[in-house]
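# Observations on the model geometry
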Amino acid sequence: MSQHLITSSPSSSPITSSPQHPSTHRPAIAMRDISKRFGTVIANDRITFDASWGEVHALVGENGAGKSTLMSILAGLYRPDSGAVEIDGQPVHFRSPRDAIGHGIGMVYQHFMLVEPFSVAENVVLGERRSGVNLETARVARELTALSEKYALGVDPQAKIWQLSVGEQQRVEILRLLYLGARILVFDEPTAVLTPQETHGLLRNLRGMAGQGFSVVFISHKLDEVQEVADRISVLRRGQIVATTTPAATDRRTLARMMVGRELADFVARPADEPRAEVDRGGAMLELRGLSALGEKGLPALREIDLEIRSGETLGIAGVAGNGQRELAETVTGLRPVTAGTVRIDGKAMTNRPAAEITRAGVAHIPEDRLATGLIGGMDLSANAILRDYGQPPLCHGPFLLTRAVSAFTDRLLTANDVKAPGRWTKLRTLSGGNQQKLLLGRELAGEPRLIVAVHPTRGVDVGATEAIHDALRAQRARGAATLLISEDLDELLALADRIAVLFAGRIMGTIPTASADREQIGLMMAGIESREAEVVMDV
Amino acid sequence: MSNRLTGSPAHRLRLERVPSPSRGATALVTVLSFALALLAGGIVLALAGENPIAVYLAMVKGAFGDRNGVAEVLVKTTPLLLTGLGVAVAFRMQLWNIGAEGQLYWGAIFATGVGLFVLPAAPGWVLVPAMIAAGLLGGGLWGLIPGALRAWFGASEIITSLMLNYVAILFSEYLVHGPWRDPGAFGFPGTPPLPAAGWLPNLGTTRIHLGLLFGLIAALLLWIMLRRTRWGYEIGVMGENPRAALYAGMPTKRTILLVMALSGALAGLAGMSEVAGIGHQLQRNLSPGYGYAAIIVAWLGRLHPFGAVLVAFLLAALTVGGDQLQMNLGLPAAIAPMLQGAILFFLLGGEVLTRYRLTRVIG
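### Let's talk about the sheet that holds strand β11 (residues 284–294) of chain A
All names here are of chain A. Read across the sheet, four strands follow the order β12-β11-β14-β15 without closing on themselves; strand pairing throughout is antiparallel. Each end of this open sheet is capped by a strand with a single partner; those strands are β12 (300–310) and β15 (348–349). Inspection of the sheet shows β11 paired to β12 by seven bridges, in the antiparallel sense. Counted as the bridge partner of L288 is L307 from β12.

Rendered as structure tokens:
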């Protein structure tokens, strides 16, 4: 670590070795037999993971594989149920993120924790609790300049955060952690928010840090980046480390295969090979032509999407989170403006129509995050049950809601969808995730919708509820509804969809009939490898 | 280097959110906060050489000891209740209308204008409803300004509604010093008296006037509206989860405008009832800050219309009882507001504890 940091600290730190003089026999991080479960879900199952000084260790895996849980344990956010963590050979027990930072562990999250109107130096001072009334911003700025030069970060301590690009803000976060004395840097999908040029710069910085003796953990599912920057790669699947390898000993395809977890020869067997009842297919119920839209940060999130779903057909959208799934669902349902292209629902132009009009056209929406969008956690079950129908008879008469009708409506919905709850007066938030989702699904599907937009319909839901939700979606398909099913769970897509389209970086990489799909091919397309390429692999 | 981050004590206290506070805990905390407030106020009183128990008894006696005390409490309850209801309905939708004070003034200005200049000769059954309508309109329009700025430009209604208070108060000052000043008042600022037909009738010989009934009716109507109508449901959903409202296709902008107008109209009615029921003219310092106290009324009443009735009454009692101290015991003028402040401080502090709990964090 830079000299001035050590000298400016009055008392000696518990760990005296610095990355420039790594103790070669001790790994920077050693996590042994780490287990962590949330309810019935085992997020980490006896994971052993280590990273050395001077090394970039990449951690790859699908969403939900347990990467974030493992790193949250390292960062002191969660405590493991069992297992041990050692930092630089010393056993540690973190009780808070502060403990972890105190041991030199710095996390760079996807969402930066910076105060926009403040300068870089002021933001760093904010994190420094030791400072008293006098903020010493000038001293901090000098130290930051020195650090920025030393690690080639190119950050001006006087610049205001709002003036900086996303990539620069990320470098501010890195600089702050360095200033705070971090020697182990963990990056949680750092390139997800970056442009290709910024990504290139970041990867170079990561190598530079490792060269200076830091230990770097790089979480990603972009396999080409991992291959480019890592010394070692660990693949996490369903809470377990399935392989630890090096870029030289593997390639993107092998990694993709290990991530999704099936061997090349393991062609898709649909669960129980349920014969998919042929349904009379009408015309296109949903038709997207050249659809483009912007994401939260104002960057293009959907690029010229062409899709068509007919009645009685389920189109699955596969892809790694953050590749445009959310924006796709929101543009179709009228919650996000379309910047180019058209949306037609049942032959009628519906581009940029209000959400209410799209709902009236027979579109049901099971949103990605039920508590953030589809339900009202602080209100009771009745209020949640009537969200779609409160403005229509028999629930209302003139301006008045009819209490008795609302109660009957709610009770019917709860019974019909097997929602387990003490009563309709219960606050929604107190229900389990599965019961919340059953209520939401029941409400959305009650009106015999013609088009269903379902996003991660079984996320965070137990096995029993998952089965119930799948049955409900199958029944809708049999009834003739068109379904746009967006999911990160490949098994779910294979079980429910007629065709699967893969979304990568806002584009459709390709569409495959489920009957001839296999995980390998889909996994490669999810990693951004063209389907043509993928087909070549399959022929081998 | 690590001590840069651990220069803090090893043990610290942290507030954690309680998922859903129980009713029993809430009641207990409220009672305890009240007791603590009396204790803290008592210590200050004792230090000032007063007998705290005697002072508290004097306060209770001042507010409830005789007919006049009770009447005065109800007179003060009226504007607190109307403005408190207005603030509560906006807060329900997470519209932070801090502008009830200005909206009250505009209600008073409009109502006075109608009484003095538009219908000065009208009989009571015309003039009183016209002044009510004018009061509602004046406050409603003033509330609509921050509402429109919020709905169309996303401007924070906290700032705009607060700033507009100063505009309203100063404009009313201008009127009573300038164009509307009573020429026969020997230079005292204030409009001429309203025609007697426009005065709100009093209850017997007390100063209690019809405005109190407006407040109680408004509380009842608001309760029905929030609980039993589609519109009330929409307001609830928009307040609890704006994204869900968008998802359900609710007309968010229109509702922001309507709720801000309603919120302002209720405050405007408070202003109207103050001029038509008490002063019978527009005068300086019409409100001692009812529009700000309204925030406390709404909040401590948990944004419930009937809660607002209760809190407005208690706050009024606190004010009247405090005023009596000054008059009857000859205590310094600062004692009463100090006690009121202590009680509110502890109640609001206790409120935090019902929703959050203290946990000890090591590290």
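Further notes follow.
### A closer look at a nonpolar patch on the surface
A surface patch of nonpolar side chains, about 500 Å² in accessible area, is lined by B:I158, B:I159, B:M163, B:Y166 and B:L170. Relative to the helices and strands, B:M163 resides in helix α6 (residues 157–177).

### Points about the packing of helix α7 (residues 211–228) of chain B against helix α12 (residues 305–329) of chain B
Residues and elements named next belong to chain B. Where α7 meets α12, the closest approach of the two axes is 8 Å, and the angle between their N-to-C directions is 155 degrees. If you check the angle between α7 and α12, you find them roughly antiparallel. Between α7 and α12, the contacting residues are L216, A219, L220, L222, W223 and L226 on the first element and P305, F306 and V309 on the second. Among the residues making up the contact of α7 with α12, the classes are represented as nine nonpolar, no polar and no charged.

### Section: the sheet that holds strand β7 (residues 184–188) of chain A
Residue and element names in this part refer to chain A. Overall, mixed pairing links the six strands, which are arranged β6-β7-β8-β3-β9-β10 in an open sheet. Whereas interior strands pair on both sides, the edge strands pair on one side only; in this sheet they are β6 (105–108) and β10 (240–245). Between one strand and the next, the sheet's axes are offset by a mean angle of 20 degrees, whatever the strand orientation. When strand β9 (residues 232–237) meets β10, the two strands line up antiparallel, connected through five bridges. Bridge assignment links V235 to a residue of β10, and that residue is A243. Relative to β6, helix α6 (residues 166–179) is tilted by about 170 degrees, and along the sheet it contacts β6 and β7.

### As for the nonpolar core
In terms of nonpolar packing, the biggest core is built from 136 residues, with A:I522, B:Y233, B:V237 and B:M250 touching the most fellow members. Both domains that meet at this core, namely domain 2 (266–362 + 449–540) and domain 3 (371–446) of chain A, each give it at least three residues. The residues contacting B:Y233, other than those within four sequence positions of it, are A:A383, A:I386, A:L387, A:Y390, A:L401, B:L226 and B:M250. Ranked by size, the runner-up nonpolar core spans 53 residues in total, among them A:V60, A:L175, A:M209 and A:A210.

### A word on the packing of aromatic side chains
With the rule as written, the count across this model stands at 13 aromatic pairs over all chains. Arranged with centres 4.8 Å apart and planes meeting at 70 degrees, the rings of B:F91 and B:W96 form a pair that is edge-to-face. Considering the side-chain rings of B:F171 and B:Y174, the 6.0 Å spacing of their centres and the 40 degrees angle between planes classify their relative orientation as tilted. On the criterion of helical spacing, the pair formed by B:F171 and B:Y174 is a turn pair, its members being three residues apart in helix α6. Within the aromatic cluster, the residues linked to one another by ring pairs are B:W106, B:F110, B:W142, B:F171 and B:Y174. The residue whose ring lies beneath A:R388 is B:Y247, and the NZ or CZ to ring-centre distance is 4.2 Å.

### Overview of unusual backbone geometry
Here A:P393 and A:P394 are connected by a cis peptide whose omega angle stands at 5 degrees. In the Ramachandran plot, A:D346 falls in the positive-phi region, its phi being about 55 degrees despite a non-glycine side chain. For A:D346, a relative accessible area of 29% puts it in the partly exposed group. Even without a glycine there, the phi angle at B:N285 is positive, about 50 degrees.

### Examining the confidence of the model for chain A
All names here are of chain A. On average, residues of chain A score 82 in pLDDT, and 86% of them reach the 70 mark or higher. When pLDDT is averaged over each helix and strand of chain A, the minimum, 36, is found for helix α1 (residues 3–8) and the maximum, 95, for strand β20 (residues 482–486). The low-confidence segment residues 1–23, where pLDDT is below 50, has 48 contacts with residues more than four positions distant or belonging to other chains. Overall, residues 263–275 carries pLDDT values under 50, and its contacts beyond four positions in sequence, including any with other chains, amount to 17 contacts.

### A few points about the side chain of A:N44
All names here are of chain A. By the element assignment, N44 lies in strand β2 (residues 41–51). Among the polar contacts made by the side chain of N44, one reaches the main-chain carbonyl oxygen of G66 at a distance of 3.1 Å. With residues near it in sequence (within four places) discarded, N44 still touches I34, S35, K36, G66, T69, L70, I73 and G239.

### Some details on helix α14 (residues 403–416) of chain A
Residues spaced three or four apart along an α-helix face the same direction, because each turn holds 3.6 residues. All names here are of chain A. Across its 14 residues, α14 extends 20 Å between first and last C-alpha, which sits within 8% of the 20 Å expected from 1.5 Å per residue. For α14, the full list of buried residues reads V406, S407, F409, T410, L413 and L414. Summarising the axial view, the buried residues of α14 lie within an arc of 165 degrees, below the 170-degree limit, and thus occupy one face. Turned more than 90 degrees away from the buried face of α14 sit R404, R412, T415 and A416, all of them exposed. If you follow the buried residues of α14, they end up packed against α13 (381–385) and α15 (433–445). One or two positions beyond α14, positive phi appears at D418, with a value near 55 degrees.

### Quick look at the pattern of salt bridges
One pass over the full model with this rule turns up 28 salt bridges over all chains. For A:E189, the salt bridge goes to A:K67, with nearest N and O atoms at 3.8 Å. Residue A:E189 is found in the loop between β7 and α7 (196–211), and its partner A:K67 is found in helix α2 (residues 67–74); the two are separated by 122 residues along the sequence. Across the pair, A:K67 and A:E189 agree in class, each one buried. Among the charged side chains, a network of salt bridges with common partners joins A:R326, A:E330, A:R336, A:E368 and B:R243.

### Observations regarding α7(B)
Residues and elements named next belong to chain B. With 18 residues, α7 should cover 26 Å at 1.5 Å per step; its first-to-last C-alpha distance of 25 Å lies within 8% of that length. Buried residues of α7: G211, L212, F214, G215, A218, A219, L222, M225 and L226, and no others. The buried residues of α7 occupy one face: seen down the axis, they fall within an arc of 150 degrees. Exposed residues lying more than 90 degrees from the buried face of α7 are L221 and R227. Of the surrounding secondary structure, the elements contacted by the buried residues of α7 are α3 (67–92), α5 (124–153), α8 (230–240), α10 (252–279) and α12.

Definitions and limits used
Residues numbered from 1 in each chain as written. Chains lettered and ligands numbered in written order. Predicted model: local features only at pLDDT ≥ 70, side-chain atom pairs only at ≥ 80, totals over all residues. Heavy atoms only, no water. Pairing = 2+ DSSP bridges. Helix = DSSP H or I, 4+ residues; strand = E, 2+ residues; numbered from the N terminus. Patch = residues over 30% accessible without salt bridge, like charges linked within 9 Å, V, L, I, M, F, W, Y side chains within 5 Å. Areas by Shrake-Rupley, 256 points an atom, 1.4 Å probe, with all protein chains shown as cover. Salt bridge = Lys/Arg side-chain N within 4 Å of Asp/Glu carboxyl O. Axes fitted to C-alpha atoms, helices over the stretch in contact; angles between N-to-C directions. Parallel < 35°, antiparallel > 145°, perpendicular 65-115°, else oblique. Contact = heavy atoms within 4.5 Å. Nonpolar A, V, L, I, M, F, W, Y, C, P; charged D, E, K, R; others polar. Core = buried A, V, L, I, M, F, W, Y, C linked by side-chain atoms within 4.5 Å. Buried < 20%, exposed > 50% of the residue type's maximum accessible area, 1.4 Å probe, protein only. Domains from an automatic or database assignment. Phe/Tyr/Trp six-rings, centres within 6.5 Å; stacked < 30°, edge-to-face > 60°. Lys NZ or Arg CZ within 6 Å of the ring centre and 35° of its normal. pLDDT = per-residue confidence, 0-100. Polar contact = N/O pair within 3.5 Å; in protein donor to acceptor, adjacent residues only side chain to side chain. Expected span 1.5 Å × (residues − 1). Arc of directions from axis to C-beta.

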